[in-house]
Amino acid sequence: MDPRRPPRTVIDPKVRQVGFFAAPEPIASSPPVSDISPSGNSLSPVMIPPPRHSSDAARPVLFSPVPPASPGRRDSLAPSDLFPASSPTASSPCADAECAFSPGRPLRSNSVRPAAAVTMSSSLPGRGFDLTAAVTASSVPATGLMKIPSGFSVKNAGKARNASVEVENEQGSNSKPLKEKTTKAERRAIQEAQRAAKAAAKGEGKAASVVSAAASASVNVKPHKATKAPTVAASEKKGGGGERPVEKERKKEVPPPRMQYDDTSRVEKAKRRSVVKQTEARNRVELFRHLPQYEHGTQLPDLESRFFQLDPVHPAVYKVGLQYLTGDISGGNARCVAMLQAFQEAIKDYSTPPEKNLSRDLTAKMSSYVSFLIECRPLSISMGNAFRFLKSRIAKLPLTLLESEAKASLQSDIEQFITEKIILADKVIVRHAVTKIRDGDVLLTYGSSTAVEMLLLHAHELGKQFRVVVVDSRPKLEGQRLLRRLVGKGISCTYTHINATSYIMHEVTRVFLGASSVLSNGAVYSRVGTASVAMVAHAFRVPVLVCCEAYKFHERVQLDSICSNELGDPDVISKVPGMEEINCLNNQANCGNLQPLNLIYDALPSDYVSMIITDYGMVPPTSVPVIVREYRREQLWM
Amino acid sequence: MWWRSASFILDNRPQNDVAPPSRPDSLTLSPPTMADAALQSPNANSAYYQTRAAHHGVVTSDWLAQAQAAAAVGRNPDDQGSVVAAEAEPKPAASESGKPFSVIVEFNNWRKQPDLAEAVAAIRALASVIRSSEATTMMELEIELKKASDSLKSWDTTSISLTAGCDLFMRYVTRTSALEYEDFHSAKSRLIERAEKFGEISTKARRIIAVLSQDFIFDGCTILVHGFSRVVLEVLKTAAQSKKLFRVFCTEGRPDRTGLRLSNELAKLDVPVKLLIDSAVAYTMDEVDMVFVGADGVVESGGIINMMGTYQIALVAHSMNKPVYVAAESYKFARLYPLDQKDMAPALRPIDFGVPIPSKVEVERSARDYTPPQYLTLLFTDLGVLTPSVVSDELIQLYL
């Protein structure tokens, strides 16, 4: 019933979650995986880095009306049906071009992009999205719906043939067993639509030539399809078409699959087109194989040396990327602001290439920048949200606007986002939070959060009498910088490491924490160690207050820190600089049975959070979805 | 929020009108005391709790005077000053506005009706501000209204429902399409209309709650009640009238002994009642099937602020897995978020121990405590039966 009901007190949540996970579920038959919430189509830290270069060849073709072609009907089935798992291959250009709100697949337009065999569960979303994209792409009546992606995909396949024959062949063989599993209803839906399209398009001759060309190109994959189609179509006659809209609705809900880094073939392909050459870490922890784990410290010189070859990346973006890579910019707000400012620069220097549409081309460019940034370091949720905002703004630009006007309006939008959602939000948070500091309080904070730092300084300026305990942890030791600034302002501080939390907690009256993100179930996604601090505080009955700007809220639900996380350089935890006598792990780095793990984030269940302070006021963690629901929409799509 | 009020539940049911409880004369308080309480500045003691004590306490005027005297002698030397200040206090309020009408006087008039909740009294008073306003523009009227509600709020800062009622009223009245009317007078009459409607909904709230909560009272159950809450009384009365068989345990409710009053009322309804001293709650808890309490205020976390002792009863009930139900009208929803017991403006009241207390001994005079949401099972409000987490959702939708 109520998430904060009694049964879910101290011990319960962990147990319950573990139990939930342990329950073996037939994943293959349940398309929406729980942790990929309907919002999964935002950029998430473990999202696949999309290809950087939009295929310029494919793009113009995209929106030229593809005439519905009668002979092409069956052929057109081939790509989408043959690659059930990998529909992005051919037909998703529609998806990213039209659905600007789906940063999840920002740049899959490259038709040459190899499609990997995905597990069954992810194949469904993939296809579902495809169809959705088609729906949004063309506002033609339902009969014409399916023909655009399919027709296009055929053409596209034809164009891409030269480049990707071997891929598709491989795909064809790969996906054969999978194909049987794609739900019959889906195939039916496509076929029925195509039959309708055929009926509608009878007599249009021109199309035939186009598609037949494509058909001849894809002749190697077609035959078995052609034989199959009629039988399914026949069965379709009996099963009424009434279920189709429902089906479509369902598919619309399904988010695209996220990149799983334990999927070797996909990783291979993702690597081939990446800018930043990452080397896979050798000894990877089994539980975290789905996250990118790279050798650290190798990419920077390589990237630096190739500065002049990387012309598609704007220098400002490039610079920010390098700063992410080296860790010069860290912290949710700083990274987000840096990214937005780099984009602002890039927009300033942007000029629409001839024969192109500003909003589409700019979206593609921005997406390629983002994928570059992702390669440097996985995007934080706040950055994903900010990018989502930017993309929606680009998509919302009126077509009549001059280029200079459009650029100016985008730049001012970004500026506004930075001031309103980050700077002003912090001020509001401080104003709310300061009411919870009383004279004589002992405040504990962990790591270094800008909002908390502002709060402490503000409370000090107001003349409140309080003491601060700064808890810190290796390897980043961010707390030291915070400590330095606090002490500089004359606040009396205690500095300790996370190991001593339980010792120091009994004298603490309030715990203030920052957050990287707050998820829909109230879970706080934050610097690793936050959860343990909050749990200790809860055990000592000390209220835990989380300061988090509302733009960092995300509608995803996460129950643990495993599904989605970021892995840092394991070397920094195994080596302590300047302490030679304890560095006994130096030679063990390549040891096969040693798997170092350096997690960056953890998820704190909402039961341990007393209050979340946002720019909308102080809310209990159970109200996060309300805020997401009430405000996200108006921010992004007003 | 208001438009979603679950008042439809009243329409579906045959109205069994309940006559207002007739109080024996011995229990009603003498008017002079009431006036005293009304005029008294709430600096030292919470006016809210004095009103409650006056309305629901069995003890009468003499104890109030006695307690005040005792407080003046020993504990709180500044009480004397406040008594003096109290004499002068309402006058500036009246003279400052320069008009015969004062919202506080109006409010106190309404407040004298024991059956009228404080928030409703405030709402009525604010409605009459609109009515008697001489403003000629909408802006002027709004400012006047704002001023009136501010002065009401500052009159008694300890009363949560007063503050919440004022805020809600301002929200409800000013957030309206009335402002789009070209004609000021039609806009004003529309505001008055809305204000009246709001007052009406607020008074109906108690009935709605009583009807909603009937499903939770089953035959043969034992209900533990703490303090005197008009809503809870209404709930129990409705249950008794619909021939449900249940018994009630009433806590004594020290120091104003509101439990005695409640047991008295219930005995009149032929409901079996047992009186407990406040410390016997844990002892009797295993016989209890559910705990029913009212609330002075419902805060954003979904917890409640209520008469002292509610928290410990909720803790005991929670540890014995008994449900704790709260009956509260939605005008008690306040934009407060206490983190712990001390995180609220203290509401003090005199406590009579019957014997003189040495001046060195400190007395905890706080009148209320905060019960966190995890110890509450459900809230019965006129918006429906809510879990504690929904309270914040409602508040967010209303205020943001």
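Residues numbered from 1 in each chain as written. Chains lettered and ligands numbered in written order. Predicted model: local features only at pLDDT ≥ 70, side-chain atom pairs only at ≥ 80, totals over all residues. Heavy atoms only, no water.

Summarise the overall build of chain A; cite the residues concerned and give the values.
The secondary structure content of chain A amounts to 26 helices and 11 strands. Residues classed as buried in chain A amount to 57% of the 638 residues present. Long-range pairs, those at least 24 residues apart, make up 82% of the contacts in chain A with a sequence separation of at least 6. (Helix = DSSP H or I, 4+ residues; strand = E, 2+ residues; numbered from the N terminus. Buried < 20%, exposed > 50% of the residue type's maximum accessible area, 1.4 Å probe, protein only. Contact = heavy atoms within 4.5 Å.)

Outline the sheet that holds strand β6 (residues 304-307) of chain B, supporting the account with residue identities and numerical values.
Residues and elements named next belong to chain B. Spatially, β5-β6-β8 is the arrangement adopted by the three strands of the open sheet, whose pairing is antiparallel. The open sheet has two edge strands with one neighbour each: β5 (297-298) and β8 (368-371). Sheet topology places β6 next to β8; four bridges connect them, and they run antiparallel. By the bridge assignment for β8, N306 is matched with D369. (Pairing = 2+ DSSP bridges.)

Outline the sheet that holds strand β9 (residues 601-604) of chain A, supporting the account with residue identities and numerical values.
Ordered in space as β8-β5-β6-β9 (chain A), the four strands form an open sheet in which the pairing is mixed. Both edges of this open sheet fall to β8 (553-554) and β9 of chain A, since each of them pairs with a single strand only.

An account of the packing of helix α16 (residues 315-326) of chain A against helix α18 (residues 358-376) of chain A is needed here, citing residue identities and associated values.
All names here are of chain A. It is at 8 Å that the axes of α16 and α18 come closest, and there the two elements cross at 20°. For the element pair α16 / α18, the angle class is roughly parallel. The two elements α16 and α18 cross, and the hand of that crossing is right-handed. Counted together, V317, Y318, V320, G321, Y324 and L325 of α16 and Y369, F372, L373 and C376 of α18 form the full contact between these two elements. Residues of the contact of α16 with α18, tallied by class, amount to nine nonpolar, one polar and no charged. (Axes fitted to C-alpha atoms, helices over the stretch in contact; angles between N-to-C directions. Parallel < 35°, antiparallel > 145°, perpendicular 65-115°, else oblique. Left-handed = near helix turned anticlockwise from the far one by under 90°. Nonpolar A, V, L, I, M, F, W, Y, C, P; charged D, E, K, R; others polar.)

How would you sum up the confidence of the model for chain B? Please name residues and give values.
All names here are of chain B. Model confidence for chain B is summarised by a mean pLDDT of 77, while 74% of its residues fall at 70 or above. Counting interchain partners and residues more than four positions distant, the pLDDT-below-50 stretch residues 15-42 has 51 contacts. Residue range residues 73-99 is modelled with pLDDT below 50. Its contacts to residues more than four positions away, or to other chains, number 27 contacts. (pLDDT = per-residue confidence, 0-100.)

So, unusual backbone geometry: which residues are in play, and what are the values?
Here the amide bond leading from R474 of chain A into P475 of chain A is cis, since omega sits at 0°, within 30 degrees of zero. Note on placement: P475 of chain A falls in the loop between β2 (466-472) and α22 (478-488). Phi is positive for L477 of chain A, which is not a glycine, with a value near 50°. Backbone geometry places D270 of chain B, a non-glycine residue, at a positive phi of 65°.

How would you sum up the environment of T284 of chain B? Please name residues and give values.
Residue and element names in this part refer to chain B. Along the chain, T284 falls in helix α14 (residues 281-284). For T284, a relative accessible area of 3% gives the class buried. As a C-alpha pair, T284 and F249 span 35 residues in sequence and 8.8 Å in three-dimensional space. Not counting residues up to four positions away in its chain, the partners in contact with T284 are F249 and L276. Of note is the side chain of T284, whose polar atom sits 3.0 Å from the backbone oxygen of A280. (Polar contact = N/O pair within 3.5 Å; in protein donor to acceptor, adjacent residues only side chain to side chain.)

Which residues make up the interface of chain A and chain B, and what values do they have?
Facing 26 residues of chain A, the contacting portion of chain B comprises 24 residues. Where chain A touches chain B, the interface holds four salt bridges. Two residues, K436 of chain A and D343 of chain B, come together in a salt bridge whose shortest N-O distance is 3.0 Å. Contributing elements (two or more residues each) for the side of chain A that touches chain B: β11 (617-619) and α26 (624-637) of chain A. Looking at side-chain class alone, the side of chain A that touches chain B contains 14 nonpolar, three polar and nine charged residues. (Salt bridge = Lys/Arg side-chain N within 4 Å of Asp/Glu carboxyl O.)

An account of the packing of α18 of chain A against helix α19 (residues 381-396) of chain A is needed here, citing residue identities and associated values.
Residue and element names in this part refer to chain A. Interhelical geometry of α18 versus α19 gives an angle of 165° and a closest axis separation of 9 Å. Regarding the angle of α18 to α19, the classification is roughly antiparallel. Here α18 and α19 pass one another in a crossing that is right-handed. Along the contact surface, α18 presents S359, L362, T363, M366, S367 and V370, while α19 presents F387, L390, K391 and I394. In terms of residue class, the contact of α18 with α19 is built from six nonpolar, three polar and one charged.

Tell me about the pairing of strand β4 (residues 510-514) of chain A, and please be specific about residues and values.
Residue and element names in this part refer to chain A. Counting buried residues along β4, five of its five residues qualify, which places the element largely inside the surrounding structure. Judged by which residues are buried, β4 turns out to be covered on both faces: R510, F512 and G514 on one side and V511 and L513 on the other are all buried. Bridging between strand β1 (residues 441-446) and β4 involves three bridges; their strand directions are parallel. Note on β4: the bridge partner recorded for T445 is F512. Sheet topology note: the β4/strand β7 (residues 544-547) ladder contains four bridges and is parallel. Bridge pairing in β7 links F512 to L545.

Describe the pattern of salt bridges, listing the residues and the values that go with them.
Residue and element names in this part refer to chain A. Using the criterion set out here, one finds 26 salt bridges over all chains in the structure. Between E566 and R377 there is a salt bridge, with the nearest N and O atoms lying 2.8 Å from each other. In this pair, E566 is assigned in the loop between β8 and α25 (571-574) and R377 in the loop between α18 and α19, connecting sequence segments 189 residues apart. What makes E566 buried here is its relative accessible area of 6%.

Explain the nonpolar core to me, and be specific about the residues and the numbers.
Within the largest apolar cluster, 65 residues are counted, with the highest numbers of intra-cluster contacts made by I130, F169, L224, M285 and V291 of chain B. Sorting elements by how many residues they give to this core places helix α8 (residues 118-132) of chain B first, with 10 residues. Two domains each donate at least three residues to this core, and these are domain 1 (47-205) and domain 2 (213-352 + 363-399) of chain B. In this structure, L322, Y369, L390 and L397 of chain A belong to the second largest nonpolar core, which totals 43 residues. (Core = buried A, V, L, I, M, F, W, Y, C linked by side-chain atoms within 4.5 Å. Domains from an automatic or database assignment.)

I'd like to hear about α8 of chain B, residue by residue, with values.
All names here are of chain B. When the terminal C-alpha atoms of α8 are compared, their 21 Å separation across 15 residues agrees well with the 21 Å that a helix rising 1.5 Å per residue should span. Where burial is concerned, most of α8 is hidden: 12 out of the 15 residues are buried. Residues of α8 that are buried include every one of E118, A119, V120, A121, A122, I123, A125, L126, A127, S128, V129 and I130, and no others. (Expected span 1.5 Å × (residues − 1).)

How would you sum up the environment of L339 of chain B? Please name residues and give values.
As for its position among the elements, L339 of chain B is in the loop between β7 (324-327) and β8. Since its relative accessible area comes to 13%, L339 of chain B is described here as buried. In the structure, L339 of chain B is positioned 31 residues away from Y370 of chain B in sequence and 9.0 Å away in space, judged by C-alpha atoms. Those residues within four positions of L339 of chain B in sequence are excluded, and the remaining contacts are K436, R510, P543, L545, S610 and M611 of chain A together with Y370 of chain B.

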